[in-house]
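Below are the chains, spelled out letter by letter.
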Amino acid sequence: MDNKDGQSSPQLPLKQADGSAVVTQKAAWRKALVEKRQNLVDRAWRNDLLQRVMRVWLIERPDAIIGAYWPIKGEFDPLPALFRWQEAGLEEDAQGAQRHRRIALPVVNKVDKTLTFHTWYPGCPMEEDAYGIPKPKDTEVVTPTLIFVPCVGYGPGGYRLGYGGGFYDRTLASLQPKPFTVGLGYDFAYLPGLQPEIHDVPLDAILADTGVMWPER
């Protein structure tokens, strides 16, 4: 896809048949996309666009608890848009039309490598997890009905390229009922050659700075 700064998407290899080639290919995708993301010259412009996409997309959602993430490695930050969503809920609550809305951030369970979600709010106590990522400290554990998931890349059918740790895959497989899942990423992260592996589960929607990427409209 073309980009405002004139940079093209990473030129990456197409999918090959054997498993080792797929692993190598995904590693190359991750490296190229994270590097591009960390060196964006138009980050503020893209972030403003994606926050607007998020806010409009959320208008019709009924959720009262939404899970998100603390941005790392140049990821889009979803928290400002979610704080606006939370404030809008408080205004509606005053009119008796909406339950109090809560935002949650993931905390890694070291034993089974899954995620639990803890309430987050601006200024809440934070501490670093085992991977050096900030997490809420001693806040309430909640169960989101909607989870915004960071995407290193994404492809046809709503499939996501993550960092390879499998935390979200294991978490989503264990949650009942399954929450609605929404990927967030920049438009250049689209990978037309990305094919799912047997353990991959598609996201329910993907939002980018250029609009809704999945399901296609």
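Cut-off values and rules
Residues numbered from 1 in each chain as written. Predicted model: local features only at pLDDT ≥ 70, side-chain atom pairs only at ≥ 80, totals over all residues. Heavy atoms only, no water. Core = buried A, V, L, I, M, F, W, Y, C linked by side-chain atoms within 4.5 Å. Buried < 20%, exposed > 50% of the residue type's maximum accessible area, 1.4 Å probe, protein only. Contact = heavy atoms within 4.5 Å. 1 Å grid on protein atoms, 1.4 Å probe; cavity = no way out; pocket = protein on both sides within 12 Å on 5 of 7 lines; lining within 4 Å. Points joined across faces, edges and corners; volume = space filled by probe spheres on them. Nonpolar A, V, L, I, M, F, W, Y, C, P; charged D, E, K, R; others polar. Helix = DSSP H or I, 4+ residues; strand = E, 2+ residues; numbered from the N terminus. pLDDT = per-residue confidence, 0-100.

**Describing the nonpolar core**
For soluble globular proteins, the rule of thumb is that nonpolar side chains tend to be buried together.
Right, on to step 1. Membership of the largest hydrophobic core comes to 51 residues, with the highest contact counts inside it found for Met 54, Trp 57, Leu 58, Leu 82, Phe 148, Leu 184 and Leu 207.
Right, on to step 2. If near-sequence neighbours (up to four positions away) are discounted, Leu 82 is found in contact with Met 54, Leu 58, Ile 66, Ala 68, Ile 103 and Phe 148.

**Overview of empty space enclosed by the protein**
Right, on to step 1. Counted under the stated rule, the structure contains one cavity of 30 Å³ or more.
Right, on to step 2. Its volume calculated, the largest cavity comes out at about 70 Å³.
Right, on to step 3. Split by residue class, the lining of the largest cavity holds nine nonpolar, one polar and two charged.

**A word on unusual backbone geometry**
Right, on to step 1. Following Gln 176, the chain continues into Pro 177 via a peptide bond in cis, with omega recorded as -5°.
Right, on to step 2. Secondary-structure assignment places Pro 177 in the loop between α4 (167–174) and β10 (180–184).
Right, on to step 3. Phi is positive for Lys 73, close to 50°, though the residue is something other than glycine.
Right, on to step 4. The residue Lys 73 is located in the loop between β1 (65–67) and α3 (79–93) in this model.
Right, on to step 5. The exposure class assigned to Lys 73 is partly exposed, which follows from its relative accessible area of 44%.
Right, on to step 6. For Lys 113, which is not glycine, the phi dihedral falls at a positive 60°.
Right, on to step 7. Along the chain, Lys 113 falls in the loop between β2 (102–109) and β3 (114–120).

**A look at the environment of Tyr 159**
Right, on to step 1. Inspection of the secondary structure puts Tyr 159 in the loop between β8 (153–154) and β9 (160–161).
Right, on to step 2. Look at Tyr 159 and you get buried, because its relative accessible area is 19%.

**Brief notes about the confidence of the model for the protein chain**
Right, on to step 1. With 87% of its residues at a pLDDT of 70 or more, the protein chain shows a mean pLDDT of 88.
Right, on to step 2. Segment residues 1–8 is flagged for pLDDT under 50; beyond a separation of four residues in sequence, or across chains, it makes 20 contacts in the model.
Right, on to step 3. Segment residues 11–17: pLDDT under 50, and 14 contacts once partners within four positions in sequence are set aside and those in other chains are kept.

**Details of the side chain of Asp 209**
Right, on to step 1. Relative to the elements of secondary structure, Asp 209 occurs in the loop between β11 (205–208) and β12 (211–214).
Right, on to step 2. Given a relative accessible area of 4%, Asp 209 falls into the buried group.
Right, on to step 3. Each residue touching Asp 209, except ones within four places of it in the same chain, is listed here: Arg 46, Leu 49, Leu 50, Val 53, Gly 185, Tyr 186 and Asp 187.

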